[in-house]
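# Structure assessment
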Amino acid sequence: MNQPTALPVPSPARSIHLPSVDRMLACSSCAALIATYGRAQTVDAARALLADKRACLLAGADAAVDADADAAVEDIPALNAQVGARLALANRAQLKPVYNLTGTVLHTNLGRALLPDAAVQAVVEALQWPMNLEFDLDTGKRGDRDDLVEDLLRELTGAEAATVVNNNAAAVLLMLNTLAMGREVVISRGELVEIGGAFRIPDVMQRAGATLREIGATNRTHRADYANALGPQTALLMKVHASNYSITGFTKSVAVAELAPLAREHHVPLVVDLGSGTLVDLERYGLPHETTVRETIAAGADLVTFSGDKLLGGPQCGIIAGRADLIAQIKKNPLKRALRVGKLTLAALAPVLALYRAPDLLAERLTTLRLLTRRADAMQRQAVELQPLLQHALGPSYGVTAQAMLSQIGSGALPVDQLPSYGLAVRASPGCAVGNALGRLEQRLRGLPVPVIGRIGQDTLWLDLRCLEESQQPAFAAQLERLPP
Ligand SMILES: *Cc1c(COP(=O)(O)O)cnc(C)c1O
């Protein structure tokens, strides 16, 4: 295979001793590889290895690589071990666990909420069993997948009805497309949010076929601005939670409770994109207040949309809750079929929602809330224990200190509020002026079996321990010895 047309002349002092692929496969050292990876893949990997060796030998380059090359090429078990290493590399998972030491608990790039055990068990079952996803076990007739969680959502939000789609972006798109296609949606200029680049209210509005009717100024919007914009062309009044920014200073916005009577008077639904959408009052757990879905609906919102994997602490999904007639219209939109969630999402969502029925136990059971409410002294104890281990692993080129720091909730929840935390701060030692020493260290930490992700700022690599639970600490510490050079 792949015979070069003009073979380079091998150096006369060396002869090429490579076994055939057949001999490599026949060797007992290959049996485990074939059993793991299958014959075809193993044959290809063995061929590729031999081709590389041959090219190396012909080029004479191996002499520089290692003096034992001639001996090694005869050693079939050693060659098969190299085949095994190549197969393992090619078959390693692309999606894998990491340690999130960024200090951002709900980190969109790291997959947001971690799910509690109850949800994990339910997903495992749903993966392996046929489920009554759209099958009513009472009547034996076809059911609706939303029914699996709708009662819980009604109970927890006070809404008449609810439906679940792929994410909150889908919820907003579906809501606007159903209720405002070809008509106007009135929204304050201070609420034209962009979430992480790809989701911008004006763009989603356009794709939904609705016309944006901007009102007010960036910092101030009044009730009269909404009133003046209302007309026969108005489909919706909309409010959007300023998830990742805050407007301060000389500001005015109109609360849902103030807007609701106006909307009702004009028979125009008032819809609210809450973004994170909490189901409990976080103040109860010592966290900053975030308007709940229930409060928003009680204040008069006709529909509320929110994410499943932000503060709610569940799987990726988007929830629309509110008036039954509007939800019924939304469910009839053909886009709903394209945006619906699968059984894994519903399997995970139901037990997470059920945890909210016991708010007194929530901070212990709901992983997201447990992480957000961890006490700084618990993290401080961990930092003090881990400091000498990391210092030892890094050597004198870096200085490691246990230090107080600030975490964020993340994913657009409570953007300006930070939580007191504790962790490790790593700085390059003065004597060791390796260019970009911290960037290099960040890369080495990413090279660990379970990559460690921190955050660089102020000439320091910050490793916030809020998301390293005590049970994970021994494994975390043990792998520090395997830090790549
Ligand atoms: C996060 C967010 C979205 C997007 O939600 P996804 O679940 O990420 O699709 C939309 N609107 C607001 C206000 C948000 O905070």
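The model shown is predicted, which means the values in this text are computed figures rather than measured ones. (Residues numbered from 1 in each chain as written. Predicted model: local features only at pLDDT ≥ 70, side-chain atom pairs only at ≥ 80, totals over all residues. Heavy atoms only, no water.)

Here we come to unusual backbone geometry. The phi dihedral of Q458 falls on the positive side, at around 50°, and the residue is not glycine. Its location among the elements puts Q458 in the loop between β14 (455–457) and β15 (460–464). According to the relative accessible area criterion, Q458 is exposed, its value standing at 70%. Even without glycine at this site, D459 takes up a positive phi of about 55°. Note on placement: D459 falls in the loop between β14 and β15. (Helix = DSSP H or I, 4+ residues; strand = E, 2+ residues; numbered from the N terminus. Buried < 20%, exposed > 50% of the residue type's maximum accessible area, 1.4 Å probe, protein only.)

So, on to helix α3 (residues 39–59). Between its first and last C-alpha, α3 extends 30 Å over 21 residues, near the 30 Å set by a 1.5 Å rise per residue. Of all the residues in α3, the buried ones are T42, V43, A45, A46, L49, L50, L57 and L58. A positive backbone phi angle near 75° is found at G60, which sits one or two residues after α3. (Expected span 1.5 Å × (residues − 1).)

The seven strands lie next to each other as β2-β10-β9-β8-β7-β3-β6, forming an open sheet whose pairing is mixed. Of all strands in the sheet, those bounded by a partner on one side alone are β2 (161–165) and β6 (211–215). Each neighbouring strand pair of the sheet contributes to a mean axis angle of 25°, computed without reference to strand direction. Sheet topology places β2 next to strand β10 (residues 318–322); five bridges connect them, and they run antiparallel. Residue pairing across strands places V165 opposite G318, the latter belonging to β10. In the packing of helix α12 (residues 256–265) onto the sheet, contacts are made with β7 (234–240) and β8 (270–275), and the angle to β8 comes to roughly 155°. (Pairing = 2+ DSSP bridges. Axes fitted to C-alpha atoms, helices over the stretch in contact; angles between N-to-C directions. Contact = heavy atoms within 4.5 Å.)

Taken N-terminus to C-terminus, the directions of α3 and helix α6 (residues 76–90) make an angle of 115°; their axes are 9 Å apart at the nearest point. With respect to the hand of their crossing, α3 and α6 are arranged in right-handed fashion. Contact with α3, carried on its side by Q41, T42, A45, A46, A48, L49, L50, D52 and K53, involves L79, Q82, V83, R86 and L87 of α6 and no other residues of that element. Among the residues making up the contact of α3 with α6, the classes are represented as eight nonpolar, three polar and three charged. (Left-handed = near helix turned anticlockwise from the far one by under 90°. Nonpolar A, V, L, I, M, F, W, Y, C, P; charged D, E, K, R; others polar.)

The final tally for this structure, using the stated rule, is 21 salt bridges. In this structure, R370 engages E469 in a salt bridge whose closest nitrogen and oxygen atoms are separated by 2.8 Å. Taken as a pair, R370 in helix α18 (residues 367–372) and E469 in the loop between β15 and α21 (473–479) lie far apart in primary sequence, 99 residues in all. Salt bridges sharing common partners tie together E134, R142, R145 and R340. (Salt bridge = Lys/Arg side-chain N within 4 Å of Asp/Glu carboxyl O.)

Here we take up the site of the ligand. Near the ligand you find 13 residues, and of these A169, S243, D273, S307 and K310 are the closest. Residue D273 places a side-chain N or O atom 2.6 Å away from a nitrogen atom belonging to the ligand. One of the side-chain nitrogen or oxygen atoms of S307 is found 2.6 Å away from an oxygen atom of the ligand. In isolation the ligand has 380 Å² of accessible area, and contact with the protein removes 95% of it. Breaking the shell around the ligand down by element, the ones donating at least two residues are α9 (168–180) and β8. Class assignment of the residues belonging to the shell around the ligand gives a composition of four nonpolar, six polar and three charged. (Near = heavy atom within 4 Å. Polar contact = N/O pair within 3.5 Å; in protein donor to acceptor, adjacent residues only side chain to side chain. Areas by Shrake-Rupley, 256 points an atom, 1.4 Å probe, with all protein chains shown as cover.)

Taken by themselves, the reported measurements are silent on function.
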